[in-house]
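# Results of the structural survey
Each chain, letter by letter, is given below.
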Amino acid sequence: MSHPFNLDGKVALVTGGNTGLGQGMAVALAQAGADIVVAGRSSAAETGKAVEAAGRRFFEITADFSDPACADDVVAETVAKAGSFDILVNNAGIIRRNDALDFTEDDWDSVMDVNIKSLFFLCQAAARRMIPAGGGKIINIASMLSFQGGIRVASYTASKSGVAGLTKLLANEWAGQGVNVNAIAPGYFATNNTAALQADEERNAQILGRIPAGRWGDPADLGGAAVFLASAASDYVHGTVLAVDGGWLAR
Ligand code: NAP
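So, here's what we can say about the structure. (Residues numbered from 1 in each chain as written. Predicted model: local features only at pLDDT ≥ 70, side-chain atom pairs only at ≥ 80, totals over all residues. Heavy atoms only, no water.)

### So, the pattern of salt bridges
Under the counting rule described, the total for this entry stands at eight salt bridges. For R56, the salt bridge is made with D8, and the minimal N-O distance between the two is 3.8 Å. Of this pair, R56 sits in the loop between helix 2 (45-53) and strand 3 (58-62) while D8 is found in the segment before strand 1 (11-15), placing the two residues 48 residues apart along the sequence. Each member of the salt-bridge network shares a partner with another, and the members are R96, D106 and D107. (Salt bridge = Lys/Arg side-chain N within 4 Å of Asp/Glu carboxyl O. Helix = DSSP H or I, 4+ residues; strand = E, 2+ residues; numbered from the N terminus.)

Pasting the structure below:
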């Protein structure tokens, strides 16, 4: 019997998999056996090398998720290139920082378009393929700000709180049709997304002081949760928002 975490023969689409958390999860899924398709706006050559070093196939799709209309095409291209489609990791995301009093419509719309609108339409396009094919796995990337308010990141908090709610709604609609929809809520990870926080001595010290594990997360730290939620090991897990946060929420 195959190991329940084994992803041999599966195809995973990871959005924004050229760097940061998306790259960490793409490599972990490949190491568990999946072929990887990365969709994004920058070259994912580095991820491709790591995936191929793990002995898996790698494909790249150019897509800009500031336009949610590309979702159908990205899923269709995934199937055309890789031959099937079993796992969607909705990872691409951006953040804008400003006081709520000064927050602009552009700060609002640009974040919402990528972080929640494109994410929803990618889930929809994926499920339209997965349900007739007998099932699949969808993993949405949430945040600590799916649980907390944060500060100076109004659209990011709204989008990531939305990701948590939407994950539960989609699980309610699709769990009975073989599609597992879950989310991972990363704590504070050292990536481009948090470069401003890492560089701010005071905020860096505050953040580290609150993480029981005593360090920023490394993208590889998300791999286990991604493999679990992508594999048969999580077949009865629906609508959960799994925190991978070094204990941040426990404090
Ligand atoms: P990152 O290094 O900035 O990576 C973000 C990824 O999203 C990049 O691949 C980026 O592509 C892609 N992306 C952004 N806008 C896009 C667009 N319009 N079209 C296509 N791709 C786009 O940040 P990260 O920390 O790895 O973030 C990954 C996810 O984790 C995000 O959803 C983020 O909100 C979430 N998250 C991160 C943390 C953390 O501590 N780092 C914590 C909680 C949640 P480019 O390289 O081309 O910009």
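### Details of unusual backbone geometry
Its identity as a non-glycine residue notwithstanding, R152 has a phi of 65°, on the positive side. Tracing the backbone through its elements, the reader meets R152 in the loop between strand 5 (136-141) and helix 5 (154-174).

### Notes on the side chain of N140
With respect to the helices and strands, N140 occurs in strand 5. Assessed through its relative accessible area of 0%, N140 is described here as buried. Separated by 3.0 Å, the side chains of N140 and N90 make a polar contact. In this view, N140 contacts N90, L119, C123, V163, T167, V181, N182, A183 and I184; residues no more than four positions away in its chain are not counted. (Buried < 20%, exposed > 50% of the residue type's maximum accessible area, 1.4 Å probe, protein only. Polar contact = N/O pair within 3.5 Å; in protein donor to acceptor, adjacent residues only side chain to side chain. Contact = heavy atoms within 4.5 Å.)

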